[in-house]
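Chain by chain, the residues run as shown.
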Amino acid sequence: MTATATPVGRPRPVRAVSRRPRRGRARVWARVWPNATALVLFAGFVFPVYWMFNTAFKPNSDIVTDTPVWFPSRPTLDHFATAVRAENFLTLVRNSVTVTLLAVVLALLIALFAAFALARMRFAGRKSIILTFMVAQMAPWEVMVIAIYMTVRDADMLNSLVPLTLFYTVMVLPLTVLTLRGYVAAVPKELEESAMVDGCGRTQAFRRVIFPLLAPGVMATSLFGFITAWNEFPMVLILNKDAQSQTLPLWLSGFQTAFGDDWGATMAAASLFAVPILLLFLYLQRKAVSGLTSGAVKG
Amino acid sequence: MSVQTDDAPPPVRSTPRTTPPGTRPYADDRPGGPKQTTGRLPYLLLLPALAATAVLLGWPLVMNGLLSFQNLNMTQLIQHVTDWAGTDNYRATLGSEDFWRVTLRSVLFTAVNVAVIMLFGTLTGLLLARLGPRMRLLLSSGLVLAWAMPVIAATTVYQWLFAQRFGVVNWVLDAVGIHSMAGFNWTGGQIPTFFVISLLIVWTSVPFVAINLYAATTTIPKELYEAAALDGASARQSFATVTLPFLRPFLLVMTFLEVIWIFKAFPHIFAINEGGPDRLTETLPVYAFVEGVGNQHYGTGAAISVLTIVILLGLMSYYLRAAMRQEEDEK
């Protein structure tokens, strides 16, 4: 018996089963089952994503079939063409990108000041302010759409991207403040102090010393803002009835109605909508997770 | 809302809970900690963030409250008339059987989903900790892919997976011998629709729990296991005495968060079947939307949403208490 390695160095699962007569088999089993389970889980989690892309690239004859085609043997881009050529598609992309980017940048700008104050200064009411942001972060925007609709209508701003941008800014703001605060706090205070000793003012010390160190944190934080704003659905559903002023989530949710059972085009549209987020997420994954645990929030 | 924040419990991250609550002051307020900053600077820095939140989140909240006391239907909406109705909306809502049925359904829906998510997520997280580096990378990339799928894209994919004709799920069920499922209409009944919605929610939520839990297990000091092994603890015992107590605070906070998120889940349910069939899959947020916007009873919708917010605040106060505890140790 040369089975030396158990999957983890920590609690040795082997011992728990070592009472069994057939030791060797038990050990092999203890090594096999986690990997086997992991493979099954992996397949289960990836399958819907795979099926989306798979369908998007398949010719219609492979979609409308009694036996599923598991791999596109004759991949086609027709469905993407259908999706892109759909009415208003490019306008909607532009709307979504504009609103999302503006909201994230605005939130970051405002949040940087707040995060700095919360991470570096002690003042009366600090804890209540943190608490306020925590509550605001979980605000039930979905159930306030009626009030938001009335407010926006009275301001005569229906079908405009301005209220959407502002609301999305505030939607992602608390999360941005709370996570950024963690990143600011992680920058050693000494760096700032020595910069101030060297003759920088407080603002300069922040801009030259802290801000560059915050860049990775800013990127991870903005990922969640990006996802929230990119995905937002109920508010645009009620505020922007005019097709020219809508965003991609709304278009995608109505795509089926527009295209009937054209699953190829629908999946192509879903892929186009999901790809930016999937790429961003994979790229920023590690930082994102640490940011999450410190802010305890989800996109 | 009353949330206790002053009884700072001991650190959660670094050591298991040992000190009773209320014995330690807030770490940074102790003498020798960072100095109290006086002056207006911190408030000035916070002003933009607070002002924006107050105007764009606070005002709709107030407005929502005001609307809930108005008789507001299509007529009043078009004519811009304010027609106060006192507590009529609340009385009508609280007196309606529908509201209570939906509330009960929301609670059940949340409980079932959160239980499944926490169980499945925890097991997956623990599995991640046991895997070798390559398998771990593989599984966590799969989790991240599911996690990152935008909600609307995910619901669209699920509609396709569960499509009555040519949906792959029906085909698989037929292929494994359950022929009655060949042309099954998943959105035709309450339970099947809820099944699809729940699967979608579990699929997108488990990665968060699993990855976070795995991250938490990596912070458990190895010495604790060594000590347990020296004491002759079996694998099961060291799991019960070291791993579990260490992870408990994380599990607690994540459960609260999931409860809040699932309770107010809107797009998943709405985009799958708009709360149908026959309004049988409406949870409170969807009910408020359908009643208020869909059926144009804006005042009643506002009252339902106020009641939903009240329930959410109750849930949140539990979460915030746990979160503030973690907050204190991260200093």
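Residues numbered from 1 in each chain as written. Chains lettered and ligands numbered in written order. Predicted model: local features only at pLDDT ≥ 70, side-chain atom pairs only at ≥ 80, totals over all residues. Heavy atoms only, no water.

**Q** So what exactly am I meant to see when it comes to the overall build of chain B here?
**A** Helix and strand counts for chain B stand at 13 helices and 0 strands. Starting at the N terminus and ending at the C terminus, chain B contains elements arranged as α-α-α-α-α-α-α-α-α-α-α-α-α. Burial status across chain B gives 51% buried among its 331 residues. (Helix = DSSP H or I, 4+ residues; strand = E, 2+ residues; numbered from the N terminus. Buried < 20%, exposed > 50% of the residue type's maximum accessible area, 1.4 Å probe, protein only.)

**Q** Can you help me understand the nonpolar core in this one?
**A** One broad rule of soluble globular proteins: the nonpolar side chains tend to lie buried together. Formed by 186 residues in total, the largest nonpolar core has its most connected members in A:Trp141, A:Tyr168, A:Trp251, A:Leu252, B:Met149 and B:Trp203. Ranked by residue count, the leading element in this core is helix H5 (residues 89-120) of chain A, at 16 residues. Those residues in contact with A:Leu252 that lie beyond four places of it in its chain are A:Thr266, A:Ala269, A:Ala270, A:Phe273, B:Ile152, B:Ala153 and B:Thr156. Counting residues in hydrophobic clusters, the runner-up holds 5 residues, among them B:Ile220, B:Tyr225, B:Val242 and B:Phe246. (Core = buried A, V, L, I, M, F, W, Y, C linked by side-chain atoms within 4.5 Å. Contact = heavy atoms within 4.5 Å.)

**Q** Teacher, can you tell me more about the UniProt feature "transmembrane region" (unreviewed entry) in chain B here?
**A** Residue and element names in this part refer to chain B. Per the UniProt record, "transmembrane region" (unreviewed entry) is found at residues 43-62, 107-129, 141-161, 194-215, 246-263 and 298-320. Across residues 43-62, the secondary structure splits into 100% helix and 0% strand, with the terminal C-alpha atoms separated by 24 Å. Spanning residues 246-263, this segment combines 100% helix with 0% strand, and its end C-alpha atoms are found 27 Å apart. (UniProt positions renumbered as here; feature names shortened; annotations may be inferred.)

**Q** Can you walk me through the UniProt feature "domain: ABC transmembrane type-1" (unreviewed entry) in chain B in this structure?
**A** This chain's UniProt record puts "domain: ABC transmembrane type-1" (unreviewed entry) on residues 103-319 of chain B. Measuring from the first to the last C-alpha atom of residues 103-319 of chain B gives 20 Å, for a span that is 78% helix and 0% strand.

**Q** Please clarify how the interface of chain A and chain B should be interpreted in this entry.
**A** Interface size is commonly expressed as the accessible area that is lost once the parts come together. At the junction of the two partners, chain A supplies 100 residues and chain B supplies 107 residues. Counting each side, the surface lost to burial between chain A and chain B is near 9,600 Å², with a carbon and sulfur contribution of 77%. At the boundary of chain A with chain B, the tally comes to 8 residue pairs in polar contact (both at pLDDT 80 or more). Element by element, the count of residues in the side of chain A that touches chain B is highest for helix H2 (residues 23-57) of chain A, at 18 residues. For the side of chain A that touches chain B, a count of residues per class yields 74 nonpolar, 14 polar and 12 charged. (Buried area = accessible area lost by both parts, 1.4 Å probe. Polar contact = N/O pair within 3.5 Å; in protein donor to acceptor, adjacent residues only side chain to side chain. Nonpolar A, V, L, I, M, F, W, Y, C, P; charged D, E, K, R; others polar.)

**Q** Teacher, can you tell me more about the pattern of salt bridges here?
**A** Pairing of side chains with opposite charge becomes possible as their charged atoms draw close. Residues and elements named next belong to chain B. This structure, assessed with the given rule, holds 7 salt bridges over all chains. In this structure, the salt-bridge partner of glutamate 97 is arginine 101, at a minimum N-O distance of 3.0 Å. Pair noted here: glutamate 97 and arginine 101 are both in helix H4 (residues 97-130), with a separation of 4 residues, about one helical turn. For glutamate 97, a relative accessible area of 61% gives the class exposed. A salt bridge links arginine 279 to glutamate 291; the shortest N-O distance between them is 3.1 Å. Placement of the pair is arginine 279 in the loop between helix H11 (267-273) and helix H12 (284-294) and glutamate 291 in helix H12, with a sequence separation of 12 residues. One continuous salt-bridge network, built from bridges that share partners, spans Glu97, Asp98 and Arg101. (Salt bridge = Lys/Arg side-chain N within 4 Å of Asp/Glu carboxyl O.)

**Q** How do you make sense of the packing of helix H6 (residues 126-137) of chain A against helix H8 (residues 161-186) of chain A when you look at a structure like this?
**A** Any two packed helices are characterised by how steeply their axes cross, that is the angle between the axes, and by the distance between the axes. Residue and element names in this part refer to chain A. As a packed pair, H6 and H8 sit with axes 8 Å apart at the nearest point and diverge in direction by 130°. One element, H6, and the other, H8, form an angle in the oblique class. The crossing of H6 and H8 is left-handed. Between H6 and H8, the residues in contact are Arg126, Ile130, Phe133, Met134, Ala136 and Gln137 and Pro174, Leu175, Val177, Leu178 and Arg181, respectively. Looking at the contact of H6 with H8, its residues break down into 8 nonpolar, 1 polar and 2 charged. (Axes fitted to C-alpha atoms, helices over the stretch in contact; angles between N-to-C directions. Parallel < 35°, antiparallel > 145°, perpendicular 65-115°, else oblique. Left-handed = near helix turned anticlockwise from the far one by under 90°.)

**Q** Help me understand the side chain of B:Glu291 in this model?
**A** All names here are of chain B. For glutamate 291, a relative accessible area of 13% translates into the label buried. Polar side-chain contacts of glutamate 291 include one of 3.1 Å to the side chain of arginine 279. In terms of polar contacts, glutamate 291 uses its side chain to reach the side chain of asparagine 295, at 3.3 Å. The residues contacting glutamate 291, other than those within four sequence positions of it, are Arg279, Gln296, His297 and Ile304.

**Q** I tried to follow the packing of aromatic side chains on my own but got confused; where do I start?
**A** Counted by the stated rule, this structure contains 32 aromatic pairs over all chains. When the ring of A:Phe45 is compared with that of B:Phe120, the centres are 6.2 Å apart and the planes differ by 20°; the resulting orientation is stacked. Of this pair, A:Phe45 sits in helix H2 while B:Phe120 sits in helix H4, each in a different chain. Judged by relative accessible area, B:Phe120 falls into the partly exposed class, the value being 31%. Counting every residue linked through ring pairs, the aromatic cluster contains B:Tyr158, B:Phe162, B:Phe184, B:Trp186, B:Phe195 and B:Trp203. (Phe/Tyr/Trp six-rings, centres within 6.5 Å; stacked < 30°, edge-to-face > 60°.)

**Q** What exactly am I supposed to notice about the environment of B:His297 here?
**A** Residue and element names in this part refer to chain B. As for its placement among the helices and strands, histidine 297 is situated in the loop between H12 and helix H13 (298-329). Classification of histidine 297 as partly exposed rests on a relative accessible area of 32%. Linking histidine 297 and asparagine 71, residues 226 residues apart in sequence, is a C-alpha distance of 8.4 Å. Excluding its chain neighbours within four sequence positions, the residues that come into contact with histidine 297 are Leu72, Asn73, Glu291 and Gly292.

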